[in-house]
Amino acid sequence: MSLITILRPAAPHDCEHIYNAHRYSVQYTCTRSYNNRVLEAWSRLLSPEGYLDTMGNADKALWVVEYRGHIQGFFQLDFKEAQLDALYVHPFVHNHGLGTALLQRAEGLAAAEGLSFIKLYASLNSVAFYKLNGYESLGAAVLPLNRQVTVECELMRKYL
């Protein structure tokens, strides 16, 4: 990770950039693990305005990572559920430590809130990343994207 990397809480003016990182990550990174039907249904759930509710909720945190002057990833953490709801990094900047930096910040925030663990539903392409960062698999899971399409994932947990 570079000295020109900044981790910070998201602000409303970041929504379009968060959306772009999220959308590109789903479209390009997840294509290794999911078919077009799943990717299209997943992408339709995303919108720039969709992040505003999290920013206005005291039980949640939404942070971004700026790398070389641009928002390249984010995480969304739900303190009440002890759940990492999302962690995405733009596929063009993978393997620069941004995902690990985001994950460590999320874990630090969770610990500061008194949580003893974090759970998450990992997309199949991200399971190895979470295992490398100390998460254990609790088994396969299936989440609905809409009434017709589901996404296979893995329920994971890490004690803090």
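Residues numbered from 1 in each chain as written. Predicted model: local features only at pLDDT ≥ 70, side-chain atom pairs only at ≥ 80, totals over all residues. Heavy atoms only, no water.

- Going by what an unreviewed UniProt entry lists, the protein chain is known as Acetyltransferase domain protein and is assigned to Neisseria musculi.

## Overview of the UniProt feature "domain: N-acetyltransferase" (unreviewed entry) in the protein chain
Point 1. Those places that UniProt annotates as "domain: N-acetyltransferase" (unreviewed entry) correspond, in this numbering, to residues 5-160.
Point 2. Secondary structure content for residues 5-160 is 31% helix and 35% strand, while the C-alpha to C-alpha distance between its ends is 25 Å. (UniProt positions renumbered as here; feature names shortened; annotations may be inferred. Helix = DSSP H or I, 4+ residues; strand = E, 2+ residues; numbered from the N terminus.)

## Observations regarding the packing of aromatic side chains
Point 1. Within the structure shown, the criterion is met by 10 aromatic pairs.
Point 2. When the centroid spacing of 5.7 Å and the interplanar angle of 80 degrees are considered together, the rings of Tyr 34 and Trp 42 count as edge-to-face.
Point 3. On the basis of relative accessible area, Tyr 34 is assigned to the buried category, the value being 8%.
Point 4. Overall, the relative accessible area of 10% leaves Trp 42 in the buried class.
Point 5. Put simply, the rings of Tyr 24, Tyr 28 and Phe 92 pair up and form one aromatic cluster. (Phe/Tyr/Trp six-rings, centres within 6.5 Å; stacked < 30°, edge-to-face > 60°. Buried < 20%, exposed > 50% of the residue type's maximum accessible area, 1.4 Å probe, protein only.)

## Observations regarding unusual backbone geometry
Point 1. In this structure, Ala 82 takes a positive phi of about 55 degrees despite not being glycine.
Point 2. With respect to the element layout, Ala 82 can be found in the loop between β3 (70-78) and β4 (83-89).
Point 3. For Ala 82, a relative accessible area of 8% corresponds to the buried category.

## Considerations on the sheet that holds strand β6 (residues 136-144)
Point 1. What the seven strands build is an open sheet, ordered β1-β2-β3-β4-β5-β7-β6; its pairing is mixed. Two strands in the sheet have a free side with no partner beyond their single neighbour: β1 (5-9) and β6. The sheet shows a mean angle of 25 degrees between the axes of neighbouring strands, taken without regard to direction.
Point 2. Pairing of strand β5 (residues 117-123) with strand β7 (residues 150-159), which is carried by seven bridges, proceeds in the antiparallel orientation. Bridge pairing links Tyr 121 to Leu 155 in β7.
Point 3. Across the sheet, helix α4 (residues 98-112) lies against β1, β2 (60-67), β3, β4, β5 and β7, angled at about 30 degrees from β3, the strand it touches most. (Pairing = 2+ DSSP bridges. Axes fitted to C-alpha atoms, helices over the stretch in contact; angles between N-to-C directions. Contact = heavy atoms within 4.5 Å.)

## Here we look at the side chain of Ser 43
Point 1. Within the element layout of this structure, Ser 43 appears in helix α2 (residues 36-44).
Point 2. The class of Ser 43 is buried, set by a relative accessible area of 18%.
Point 3. If we ignore the near neighbours within four places in the chain, the residues touching Ser 43 are Val 26 and Gln 27.

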